[in-house]
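Now for the letters of each chain:
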Amino acid sequence: MTEPLLHTKGLVKRFGGVVATNHVDLQVERGHLHALIGPNGAGKSTLIGQLSGEMAPDAGRIHFDGHDVTGLHVHRRARLGLARSFQITSIFKTFSVLANVTLAVQAHQGHSFRFWRPALGDTALTGPALSALERVGLADRARDPASALSHGERRQLELAMALAGDPVMLLLDEPMAGMGPDDGLRMVELLASLKGERTILLVEHDMDAVFQLADRISVLVYGAVIASGTPDAIRADEQVRQAYLGEDR
Amino acid sequence: MAPELRPRLILALLLVVALALPPLLGALGQGFYVGFAARVLIMALAALSLDLVMGLGGMVSFGHAAFLGVGAYVVGIGSWHVFDGSPLPFGLPGSENALIVWPLAMVFSGLTALGIGAISLRTSGVHFIMITLAFAQMLFYLAGGLKTYGGDDGITLYNRSELLGLKLSDPQTFYYLCLGILVVALAALLRLRASRFGMVLRGVRDNERRMRALGFPTYRYKLAAFVLSGMVCGLAGALLANASEFASPALMSWQKSGELLVMVVLGGMGSLVGPVLGAVALMALEEGLADLTQHWQVILGPLLLVLALSARRGLWGLLRGRRDHD
């Protein structure tokens, strides 16, 4: 049994009297697509925030790829290969599509105290950026301003930016949020194509997508993981059915 | 990404006008204005430096006059000791050599920017504005308290700096020197804007949280930009002291910082060219309107209001037309 790529131990985060993360022990195996589901307000975003480093936990440890990253800044974790996408689309609107991804590539190519050479004329940056755009199917929009993209395309761009740094692991916070059926389908295909190639922690509300894609599912309710296992095991879990899937018996 | 023709043509035209200005003014018998034009170029350099942090990096500094003042005081103090004959601390003599004093002005304003930036960049938004203002006010009063160097009255320069045998006291020579420095600084910063460093700055302006998530330690890039900006502004200060043969605390006043902000916004934030135009427009308007009436501010105020409301991308946005994306 190899060490999981990401695991947390006794993670706790409180906001005043509310326990948003309640002693979470999460294990994400290398190469898995691990889904994190739970009703609104279950603390999914809070947990992602702690994993990416934007929020500091009140207690517990986070280990990633052999490092204890609990006290590391966001940018340090990103450099270790932990990339995230945001629930609310978070792109650089005044940049072109290509420049958005170029910036993501640049983050992983050493320091940026380079003042002279134009970044967008540098194939060491634009090359990987273009292949990330190709991967998500946005290559033909590379020269367009990011602000001109549709909502679905912006979600694709988010993913391209996360992929651009060649990350070990992706934290995807509701990549399908607000998408229409067509865009949603394309995103599911895209995630399916990434499966196995990258380790992915996926937060998603679309249950069809989650059960179709995930190797493992963890269910978060009131900040605590109430179940963790294969999709079949989760589907059959009594506690989950009662607490989350909303089936009364 | 074909290079756009129109902005380039306009820039070339502006450069030709700037080059032809002194002989033109001379022919019109308005030679007095050459000195004024040099001051405009110097303020344009200061506004350009502010745009580096404000337009590219999204850091609205309300204290940039501090660097103008530090640069001017370095030149003023160097000159004062030459005249007085007394040594500076560590037994160093005074100096009027531009090759010594101007780089020193940049070093000192850069160090000032390092100190101010290191603290104020831990905040952002309105707090950043307030803290930069507070630091500039501190330096303003500090300068006013330098009794040796004239206190509130400041220092009068007996000589302009000496630069490789150039006669800087000649208004035309000084004008062309200022023009040269401005053009070099503008070209270098336009280059920087497109570089990796420039991309990081603009990314921070758009979405700093995202930049950190991508893996950028944003604080050190912001601080580097702030220091660089302070150094350029300090050079402007050194030139300004030469232009007016005077360095006083008034250079560091909040009104001066405000003037720089207006120049940047008026000309077009983040374009680097815009703030240069903004400086020209604002100072020309002030000068022109002051000739018309002593209540010129009554006209200037509404005029700026109209410009700010109608041209959201500033004068340069109006001139160059289409918006650019990288």
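Residues numbered from 1 in each chain as written. Chains lettered and ligands numbered in written order. Predicted model: local features only at pLDDT ≥ 70, side-chain atom pairs only at ≥ 80, totals over all residues. Heavy atoms only, no water.

S.K.: Where do I start with the overall build of chain B in this structure?
M.R.: A count of helical and extended segments in chain B gives 12 helices and 2 strands. Moving toward the C terminus, one meets the helices and strands of chain B in the order α-α-α-α-α-β-α-α-α-β-α-α-α-α. Taking 20 Å as the expected radius of gyration for a compact globule of 326 residues, we find that chain B reaches 20 Å, a close match to that expectation. Along the first, second and third principal axes, the C-alpha set of chain B runs to 55 × 50 × 40 Å. At a minimum sequence separation of 6, the contacts of chain B that also span at least 24 residues come to 78%. A total accessible area of about 14,500 Å² is found for chain B, and carbon and sulfur atoms account for 68% of it. Taking the 23 positively charged and 17 negatively charged side chains of chain B as two groups, their mean positions are separated by 16 Å. (Helix = DSSP H or I, 4+ residues; strand = E, 2+ residues; numbered from the N terminus. Rg over C-alpha atoms; globule rule 2.2 N^0.38 Å. Contact = heavy atoms within 4.5 Å. Areas by Shrake-Rupley, 256 points an atom, 1.4 Å probe, with all protein chains shown as cover. Lys, Arg positive; Asp, Glu negative; His and termini not counted. Charge placed at Lys NZ, Arg CZ, Asp CG, Glu CD.)

S.K.: Please clarify how a nonpolar patch on the surface should be interpreted in this entry.
M.R.: Taken together, the side chains of I100(B), L104(B), V107(B), F108(B), L111(B) and L114(B) define a hydrophobic patch exposed on the protein surface, amounting to about 510 Å² of accessible area. On the accessibility criterion, V107(B) (41% relative accessible area) is partly exposed. (Patch = residues over 30% accessible without salt bridge, like charges linked within 9 Å, V, L, I, M, F, W, Y side chains within 5 Å. Salt bridge = Lys/Arg side-chain N within 4 Å of Asp/Glu carboxyl O. Buried < 20%, exposed > 50% of the residue type's maximum accessible area, 1.4 Å probe, protein only.)

S.K.: Looking at this structure, how should I read the pattern of salt bridges?
M.R.: Any two side chains of opposite charge can pair, given that their charged atoms come close. Residues and elements named next belong to chain A. For the coordinates displayed, the defined rule picks out 20 salt bridges over all chains. Linking R30 and D65 is a salt bridge whose minimum nitrogen-to-oxygen distance equals 2.9 Å. Here R30 is found in the loop between β3 (27-28) and β4 (33-37), whereas its partner D65 is found in the loop between β5 (59-64) and β6 (67-68), with 35 residues between them in sequence. The partner of D215 in a salt bridge is K195, and the shortest N-O contact between them spans 3.5 Å. With D215 in the loop between α7 (207-213) and β10 (216-221) and K195 in the loop between α6 (181-194) and β9 (199-203), this residue pair connects regions lying 20 residues apart in the sequence.

S.K.: Mind showing me how you'd approach the environment of A142(A) here?
M.R.: Residue and element names in this part refer to chain A. In this fold, A142 is placed in the loop between α4 (123-136) and α5 (151-164). By relative accessible area, which is 5% here, A142 ends up buried. The residues touching A142, leaving out its near neighbours within four places in the chain, are S96, V97, L98, L130 and L133.

S.K.: Help me understand the nonpolar core, please; the structure alone is not making it clear to me.
M.R.: One broad rule of soluble globular proteins: the nonpolar side chains tend to lie buried together. In this structure, L157(A), L45(B) and W102(B) are the most contacted members of the largest nonpolar core, which totals 160 residues. Counting residues per element, this core draws most heavily on helix α2 (residues 33-56) of chain B, which supplies 18 residues. The contact partners of L157(A), leaving out residues within four places of it in the chain, are I91(A), V97(A), N100(A), V101(A), L133(A), L138(A), A146(A) and L149(A). (Core = buried A, V, L, I, M, F, W, Y, C linked by side-chain atoms within 4.5 Å.)

S.K.: Where do I start with the interface of chain B and chain A in this structure?
M.R.: Often, the extent of an interface is quoted as the loss of accessible area on bringing the components together. The interface is formed by 30 residues belonging to chain B together with 39 residues belonging to chain A. Both faces combined, the contact of chain B with chain A buries some 3,300 Å², and carbon together with sulfur accounts for 61% of it. Counting across the chain B and chain A interface gives 3 salt bridges. Between E158(A) and R210(B) there is a salt bridge, with the nearest N and O atoms lying 3.3 Å from each other. Run the count over chain B and chain A and you get 21 residue pairs in polar contact (both at pLDDT 80 or more). (Buried area = accessible area lost by both parts, 1.4 Å probe. Polar contact = N/O pair within 3.5 Å; in protein donor to acceptor, adjacent residues only side chain to side chain.)

S.K.: Which parts of the structure should I look at to understand the side chain of S90(A)?
M.R.: Structurally, S90(A) is set in the loop between β7 (82-85) and α3 (97-106). The exposure class of S90(A) is buried, given its relative accessible area of 8%. Leave out the neighbours within four places in its chain, and S90(A) touches E158(A), M161(A), N207(B) and R210(B).

S.K.: What's the story with the state of the cysteines in this structure? I'm lost.
M.R.: As used here, a disulfide is simply a covalent bond connecting the sulfur atoms of two cysteines. Residue and element names in this part refer to chain B. As enumerated under the stated definition, the model contains 0 disulfides over all chains in all. In this structure C178 is a free cysteine whose sulfur lies 14 Å from that of C233, the closest cysteine sulfur available. Given the relative accessible area of 0%, C233 is considered buried. (Disulfide = S-S within 2.5 Å.)

S.K.: How should I be thinking about the packing of α3(A) against helix α7 (residues 196-214) of chain B in this particular structure?
M.R.: Axes are the key here: two packed helices are described by the angle between their axes and the distance separating the axes. At a minimum axis distance of 10 Å, the contact between α3(A) and α7(B) shows a crossing angle of 85°. Classified by the angle between their axes, α3(A) and α7(B) sit roughly perpendicular to one another. Between α3(A) and α7(B), the contacting residues are A99(A), L103(A), A104(A) and Q106(A) on the first element and R196(B), F197(B), M199(B), V200(B), G203(B), M211(B) and L214(B) on the second. (Axes fitted to C-alpha atoms, helices over the stretch in contact; angles between N-to-C directions. Parallel < 35°, antiparallel > 145°, perpendicular 65-115°, else oblique.)

S.K.: How should the environment of L125(A) be read in this particular structure?
M.R.: Relative to the elements of secondary structure, L125(A) occurs in helix α4. For the pair L125(A) and H73(A), spaced 52 residues apart in sequence, the C-alpha separation works out to 24 Å.

S.K.: Before we go on, may I ask you to explain unusual backbone geometry in this structure?
M.R.: Both trends apply: most residues other than glycine have a negative phi, and most peptide bonds are in trans. Despite not being glycine, H23(A) has its phi angle at roughly 45°, a positive value. Examined against the element boundaries, H23(A) turns out to sit in strand β2 (residues 18-24). One non-glycine residue, L164(B), lies in positive phi territory at about 50°. Summarising the element assignment, L164(B) is placed in the loop between β1 (155-156) and α6 (171-194).

S.K.: What is the right way to look at the packing of aromatic side chains in this model?
M.R.: For any pair of aromatic rings, the description consists of the separation of the ring centres together with the inter-plane angle of the planes. According to the stated counting rule, one finds 15 aromatic pairs over all chains in the structure shown. Ring centres of F83(B) and Y158(B) lie 3.9 Å apart, and the angle between their planes is 10°; on these two criteria the pair is classed as stacked. One end of the pair, F83(B), is in helix α3 (residues 65-84); the other, Y158(B), is in the loop between β1 and α6, and 75 residues separate them in sequence. An angle of 80° between the planes, with centres 6.1 Å apart, marks the rings of F128(B) and F226(B) as edge-to-face. Remark: F226(B) occurs in helix α8 (residues 218-244) and F128(B) occurs in helix α5 (residues 126-144); sequence separation between them is 98 residues. Note on accessibility: F128(B) and F226(B) belong to one class, buried. Cluster of aromatic residues (ring-pair linked, three or more members): F113(A), F115(A), F197(B), F216(B) and Y221(B). One Lys or Arg, R84(A), reaches over the ring of F86(A) and ends 4.1 Å from the middle of that ring. A cation over an aromatic ring shows up here: R160(B) above the ring of F174(B), its NZ or CZ 4.6 Å from the ring centre. (Phe/Tyr/Trp six-rings, centres within 6.5 Å; stacked < 30°, edge-to-face > 60°. Lys NZ or Arg CZ within 6 Å of the ring centre and 35° of its normal.)

S.K.: Any chance you could explain the sheet that holds strand β8 (residues 169-173) of chain A here in plain terms?
M.R.: Each strand in a sheet pairs with another by means of backbone hydrogen bonds, the pair being arranged parallel or else antiparallel. All names here are of chain A. Spatial ordering of the open sheet is given by β7-β8-β9-β4-β10-β11, a layout of 6 strands whose pairing is mixed. Two strands in the sheet have a free side with no partner beyond their single neighbour: β7 and β11 (224-229). Neighbour to neighbour, the strand axes of the sheet diverge by 15° on average, direction disregarded. Pairing of β7 with β8, which is carried by 4 bridges, proceeds in the parallel orientation. Bridge assignment links R84 to a residue of β8, and that residue is L171. (Pairing = 2+ DSSP bridges.)

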